[in-house]
Amino acid sequence: MSKIALITGANKGIGLETARQLARDHGFTVLVGARDSERGNTAVDELKAEGLNAEFIAIDPTDAESVAKAAQEVEAKYGHLDVLINNAGTIVDGDFAPPAQVETSVLRDTYDINVFALHEVTRTFWPLLEKSEAARLVNVSSLLGSLTAHSDGTLGDYKVLAYDSSKAAVNMLTTHYAWQWKNTPHKANTIHPGSVKTDLNKQGDLTVEEGAKTSVDLAIIDADGPNGEFFHLGQKLPW
Ligand SMILES: NC(=O)c1ccc[n+]([C@@H]2O[C@H](COP(=O)([O-])OP(=O)(O)OC[C@H]3O[C@@H](n4cnc5c(N)ncnc54)[C@H](OP(=O)(O)O)[C@@H]3O)[C@@H](O)[C@H]2O)c1
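Attention here is on the structure that accompanies the text. (Residues numbered from 1 in each chain as written. Predicted model: local features only at pLDDT ≥ 70, side-chain atom pairs only at ≥ 80, totals over all residues. Heavy atoms only, no water.)

**Some remarks on the site of the ligand**
Now for step 1: Near the ligand, the surroundings consist of 28 residues, among which Asn-11, Asn-87, Tyr-163, Val-196 and Thr-198 are the closest.
Now for step 2: Measuring from an oxygen atom of the ligand, one finds a side-chain N or O atom of Arg-35 at 2.8 Å.
Now for step 3: Relative to its free-state accessible area of 890 Å², the ligand is covered by the protein chains to the extent of 91%.
Now for step 4: Among the elements of the structure, helix H1 (13-26) and helix H6 (161-180) are those that each provide at least two residues to the shell around the ligand.
Now for step 5: Of the residues belonging to the shell around the ligand, the class tally is nine nonpolar, 13 polar and six charged. (Near = heavy atom within 4 Å. Polar contact = N/O pair within 3.5 Å; in protein donor to acceptor, adjacent residues only side chain to side chain. Areas by Shrake-Rupley, 256 points an atom, 1.4 Å probe, with all protein chains shown as cover. Helix = DSSP H or I, 4+ residues; strand = E, 2+ residues; numbered from the N terminus. Nonpolar A, V, L, I, M, F, W, Y, C, P; charged D, E, K, R; others polar.)

Structure representation (C-alpha cells):
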C-alpha cells in the first residue's frame, strides 16, 4: 500500500506542487488539504488528470472542529498518516509597516494561521502519525524566521514583523516536536522553500517546482535522516 501524505494549504502554490511531487515521484497517496472545497477539488482534478493518487480533504487549520473532522476522516479511511506537511501560511496585510508600528491585530491574525493552526493540526494528527511505521512531519517555515539571518545582516532591510516572528515560532515548535520523537522512528523538521514565485510572493525568483523540493526531501528522509533541524535544498540553516 502506498504511503499517505497530508499537505495543508495544498490547493495552490508550493503546497500543490509538493503534493504533485510526492505522488508523481515517490508514489504517495496525497491528501490535498484546503479550506475551500471548490479550490481543493480543482487542485485534485488537476493532479488526477496527471494520473496521480490525490484526494481532497477539507481542512481549515484555523478551525479546530474542521481539523478534528479531517483527522477522523483519515483515521476511518487509512488508520494512520505517514507524512504531515504543515504548509498553509500567509503574510497578513499591514505587516510591511515599520516593525514597531505593526498593529497587534496583524500579529494575532498571522499567528492564528502560521503558528496556532500549525500546532492544532500537529497535535490532532499526532496519534495518527504515531501509528505510522516512520512518520515525517515537515513544517514550512522561512529563512525570515531565522534569528541569525536577521542579526548578522543576511536579510538586510527586509523586515516583516508578524510573519518573521511567526516563522521563528514555527522553528521553535519544531525543535520541541522533534524532541518528543527522540528515540522513536519518527522525525520532525522545519524548512525554508526559498523565495518562490507564488500568490504570497510575487517577487519570488524560484519556481514552485524548485520551491517544493525541500518539503519533499524532508518528507522522504530515511531512518538516519535529521530530526529537529532547519533546511533549504539540502543545506542546514541557522536558527
Ligand atoms: N513563496 C515564498 O517565497 C515562501 C518563502 C518562505 C516560506 N513560504 C511559506 O510557504 C508556505 C506556502 O506558501 P505559498 O508561497 O505557496 O503561498 P500561496 O500560494 O499563497 O498558498 C498559501 C496556502 O495557504 C493557505 N492559507 C493562507 N492563509 C490561510 C488561512 N488564514 N487559513 C487557512 N489557509 C490559509 C491558502 O489557502 P487559500 O487558497 O484558501 O487562501 C493556500 O492554500 C507558507 O507557509 C509560506 O509562509 C513561502
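**Observations regarding unusual backbone geometry**
Now for step 1: Of note, Asn-183 is a non-glycine position whose phi angle comes to about 65°, a positive value.
Now for step 2: The backbone of Leu-233 sits at a positive phi, close to 45°, despite the residue not being glycine.
Now for step 3: With relative accessibility at 39%, the residue Leu-233 sits in the partly exposed group. (Buried < 20%, exposed > 50% of the residue type's maximum accessible area, 1.4 Å probe, protein only.)

**Focus: the pattern of salt bridges**
Now for step 1: Enumeration over the complete set of coordinates arrives at 11 salt bridges.
Now for step 2: The salt bridge partner of Arg-24 is Asp-25, with a shortest N-O separation of 2.7 Å.
Now for step 3: According to the relative accessible area criterion, Asp-25 is partly exposed, its value standing at 42%.
Now for step 4: Through salt bridges with shared partners, a single ionic network connects Glu-17, Arg-20, Glu-46 and Glu-50. (Salt bridge = Lys/Arg side-chain N within 4 Å of Asp/Glu carboxyl O.)

**Remarks on the pairing of strand S2 (residues 29-34)**
Looking along a regular strand, one sees side chains alternate from face to face of the sheet.
Now for step 1: Taken across its six residues, S2 has six buried, putting it largely inside the fold.
Now for step 2: The alternating pattern of S2 places Thr-29, Leu-31 and Gly-33 on one face and Val-30, Val-32 and Ala-34 on the opposite face, and all of these are buried.
Now for step 3: Taken together, strand S1 (residues 4-7), H1 and S2 form a β-α-β motif whose crossover is right-handed.
Now for step 4: With five bridges connecting them, S2 and strand S3 (residues 54-58) associate as parallel partners. Looking at S3, one finds that Leu-31 is bridged to Glu-55.
Now for step 5: For the crossover from S2 across helix H2 (residues 37-49) to S3, the handedness is right-handed. (Right-handed = clockwise from strand over helix to strand, strands pointing away. Pairing = 2+ DSSP bridges.)

**Some thoughts on the packing of H1 against H2**
Two packed helices can be described by the angle between their axes and the distance between those axes.
Now for step 1: Between H1 and H2, whose axes approach to 11 Å, the crossing angle comes to 30°. Considered as vectors, H1 and H2 are oriented roughly parallel to each other. Between H1 and H2 lies a crossing of right-handed hand. Listed contacts from H2 to Leu-16, Ala-19 and Arg-20 of H1 are Ala-43, Glu-46 and Leu-47. (Axes fitted to C-alpha atoms, helices over the stretch in contact; angles between N-to-C directions. Parallel < 35°, antiparallel > 145°, perpendicular 65-115°, else oblique. Left-handed = near helix turned anticlockwise from the far one by under 90°. Contact = heavy atoms within 4.5 Å.)

**A look at the sheet that holds S1**
Now for step 1: Taken together, eight strands build an open sheet; the order of strands is S3-S2-S1-S4-S5-S6-S7-S8 and the sheet is mixed. Single-partner strands in this sheet number two, and they are S3 and strand S8 (235-236).
Now for step 2: The sheet contacts of helix H4 (residues 104-129) involve S1, strand S4 (83-86) and strand S5 (136-140), and relative to S4 the element is tilted by about 180°.
Now for step 3: Relative to strand S6 (residues 187-191), H6 is tilted by about 165°, and along the sheet it contacts S5, S6 and strand S7 (230-232).

What is shown is where atoms sit, not what they do.
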